[in-house]
Amino acid sequence: MKVGVLNGRVQAQWNDNCVGTIADSSTELASLSALNAIPTLPSTPDLTGVFDAPNLDPAADQAVIGGLKNLTGGLSTLGGVLGNSSLLSLPNTLSARSVVRLVDIPGSATKAVESTSTLQVAAVKLLAGTPFELSINVVSQPTLTVTSTGDKATSSVRYTAPVLEVIQGGKSMGRLDAANPRLDVPIGIPLQNPVDKLPIIGTLLGTGQALPTGLSKLDLGVLRLSVAGLNQKSEESTQPFKGYQLGATARLLDLQVLPTDALGLPNLPSALAQISLGEQVARAYAPTGGVVCSAASTPPQAPPAPQPKGPALAYTNAAYHSVPIFWTGTAMLMLGVVLVAALPKKRRLSQRRAG
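Just so we're clear, the structure is a prediction, and the values are computed from it rather than from any experiment.

1. A short note on the overall build of the chain
Logical step 1: Within the chain one finds 1 helix and 22 strands.
Logical step 2: Expressed as a percentage of its 355 residues, the buried residues of the chain come to 46%.
Logical step 3: The contacts of the chain with a sequence gap of at least 6 include a subset with a gap of at least 24, amounting to 72%.
Logical step 4: Just so you have it, the chain exposes about 18,000 Å², and 53% of that area is on carbon and sulfur atoms.

As structure tokens, then:
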């Protein structure tokens, strides 16, 4: 993994009169690239004596082994596609912002704690710089908002899932959104007349040309893209005060490399690799009944100051009173990448063939 410049800014304020914005933070990530090899797959192209797909006869197994030998590299580099390229890269800045503020509770004189997390990014690239490059364009940005009124019945989590469009070779492969949260991009090899020394990924050959009609291929894996991975957690708390705490996390994009039943290798994990990008975390905690605000007090009038004879500079006098910030709310935004080489329970996709 290679990470570019990461910049951050944060500020916080509080007073007994319930200032609107409690905390405001932002983070910018200049660039990112991750995963130029898949360590759970063999690095050698020759899988003679190792490859044995349960749903293929010996002749078909030999055809796959021969096809793999023809590739530039082993399966760990997706047949030579990875190495000089990364599976996922971020060509432009990804920026994030978290804001915690007090908001009105309808029909109540008290306030609720609201935590909002937003992301801004133009696009994410898969296999950048290769003939198979995929651009995941962010059509609509995600927003995660958690509000705690201090009571479970009226607290809430609101999430606007991102809308992502997947482009390969100048053509759309589909959209990812809350209604369609998953898209699979197949990774296969030709079973006859090898076109070149690279696999087939998506709808393109290693030459960058579209898949010809009638070409027989076998899908050994898929790149699974998914969005809208929302998780919530809540609890009634008594420390440091009695109230209700609510939190949620969501991710801009999950990318998994998954095997199919045709990948006849022993002891494969359910996911060969996993990357999660753009994780949002928002938490809010308010006392039971909401946050009680102190009435604003009017400071005593000071005697008029003597007027200067010449031009005078403007003069202001502000008093700032600092008090401990009890847990009225916390917002946290995490940017980064989680790489998982193996998951504990084996789960296979059904074998896919295209002819």
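Following the structure, the description resumes.
2. Brief notes about the pairing of strand E8 (residues 123-126)
Logical step 1: By the bridge criterion, 2 bridges tie strand E5 (residues 88-90) to E8 in an arrangement that is antiparallel. Looking at the pairing, Ser89 lines up with Lys125 of E8.
Logical step 2: The sheet contact formed by E8 and strand E9 (residues 134-140) spans 4 bridges and is antiparallel. Of the residues in E9, the one forming a bridge with Val124 is Ile136.

3. What about the layout of surface pockets?
Over the atoms, a rolled probe matching the size of one water molecule traces out where space is still vacant.
Logical step 1: Considered as a void within the structure, the second largest pocket measures approximately 180 Å³ in volume.
Logical step 2: When contributions to the lining of the second largest pocket are tallied by element, the ones reaching two or more residues are strand E17 (231-237), strand E18 (243-259) and strand E19 (273-287).
Logical step 3: A breakdown of the residues in the lining of the second largest pocket according to their chemical character gives 4 nonpolar, 6 polar and 3 charged.

4. Some details on the nonpolar core
Logical step 1: Ranked by size, the top nonpolar core spans 59 residues in total, and within it Phe51, Leu68, Leu87, Leu88, Leu127, Leu220 and Leu263 carry the most contacts.
Logical step 2: Counting 18 residues, the second-largest nonpolar core is a separate cluster that includes Trp14, Cys18, Leu144 and Tyr244.

5. A few points about empty space enclosed by the protein
Logical step 1: Scanning the model with the defined rule gives 2 cavities of 30 Å³ or more in all.
Logical step 2: Within this model, the largest cavity holds a volume of roughly 150 Å³.
Logical step 3: Lining the largest cavity are 17 residues; nearest its centre among them are Leu75, Leu78, Ile187, Leu220 and Gly221.
Logical step 4: Sorting the residues of the lining of the largest cavity by element identifies strand E14 (182-190), strand E16 (217-226) and E18 as the ones contributing at least two each.
Logical step 5: Here the lining of the largest cavity is built from residues that sort into 14 nonpolar, 3 polar and no charged.

6. Quick look at unusual backbone geometry
Logical step 1: Here Gln239 and Pro240 are connected by a cis peptide whose omega angle stands at 0°.
Logical step 2: For Pro240, the position within the fold is in the loop between E17 and E18.
Logical step 3: Here the phi dihedral of Leu78 falls at roughly 55°; this positive angle occurs in a residue that is not glycine.
Logical step 4: Here Leu78 is to be found in the loop between helix H1 (58-69) and E5.
Logical step 5: Owing to a relative accessible area of 7%, Leu78 belongs among the buried residues under this scheme.
Logical step 6: Here Leu127, not a glycine, exhibits a phi torsion of approximately 55°, which is positive.
Logical step 7: Leu127 sits in the buried class, given a relative accessible area of 0%.

7. Some words on the pattern of salt bridges
Logical step 1: For the structure on display, the rule yields 11 salt bridges.
Logical step 2: Across the pair Glu165 and Arg175 runs a salt bridge whose closest N-O atoms are separated by 3.8 Å. In this pair, Glu165 is assigned in strand E12 (residues 163-168) and Arg175 in strand E13 (residues 171-176), connecting sequence segments 10 residues apart.
Logical step 3: Judged by relative accessible area, Arg175 falls into the partly exposed class, the value being 45%.

8. Regarding the sheet that holds E12
Logical step 1: Spatially, E1-E4-E5-E8-E9-E12-E13 is the arrangement adopted by the 7 strands of the open sheet, whose pairing is antiparallel. Each edge of the open sheet is held by one strand with a lone partner, namely strand E1 (2-3) and E13.
Logical step 2: Looking at chain direction, E12 and E13 are connected through 5 bridges and run antiparallel. Bridge assignment links Glu165 to a residue of E13, and that residue is Arg175.

Reading the values: the criteria
Just so you know, the residues in each chain are numbered from 1, in the order the chain's sequence is written. Under the rules for a predicted model, residues below a pLDDT of 70 receive no local features and side-chain atom pairs below 80 are neither given nor counted, while totals for whole chains, interfaces and linings still include all residues. Values reported for side chains reflect all heavy atoms of the structure, with hydrogen atoms and water molecules removed beforehand. Secondary structure is summarised from DSSP: a helix means a run of H or I of at least four residues, a strand means a run of E of at least two, and numbering begins at the N terminus for each. Relative accessible area decides the class of each residue, using a 1.4 Å probe on protein chains only: under 20% of the type maximum gives buried, over 50% gives exposed, and in between gives partly exposed. The contact criterion used is simple: two residues touch if any of their non-hydrogen atoms lie within 4.5 Å. Calculation of accessible area relied on Shrake-Rupley with a 1.4 Å probe; when residues are assessed, cover is drawn exclusively from the protein chains displayed. Paired strands are those between which DSSP finds at least two bridges. Think of a 1 Å grid over just the protein atoms. A cavity is a set of points where a 1.4 Å probe fits yet cannot get out, a pocket is an open set with protein on both sides within 12 Å along at least five of seven lines, and lining residues have an atom within 4 Å of a point. Grid points are joined across faces, edges and corners, and a volume is the space filled by probe spheres set on the points. Ten residues, namely Ala, Val, Leu, Ile, Met, Phe, Trp, Tyr, Cys and Pro, are considered nonpolar, four, namely Asp, Glu, Lys and Arg, are considered charged, and the remaining ones, Gly among them, are considered polar. Residue types Ala, Val, Leu, Ile, Met, Phe, Trp, Tyr and Cys, when buried and joined through side-chain atoms within 4.5 Å, form a set referred to as a nonpolar core. Salt bridge, as used here, is a side-chain nitrogen of Lys or Arg placed within 4 Å of a carboxyl oxygen of Asp or Glu.

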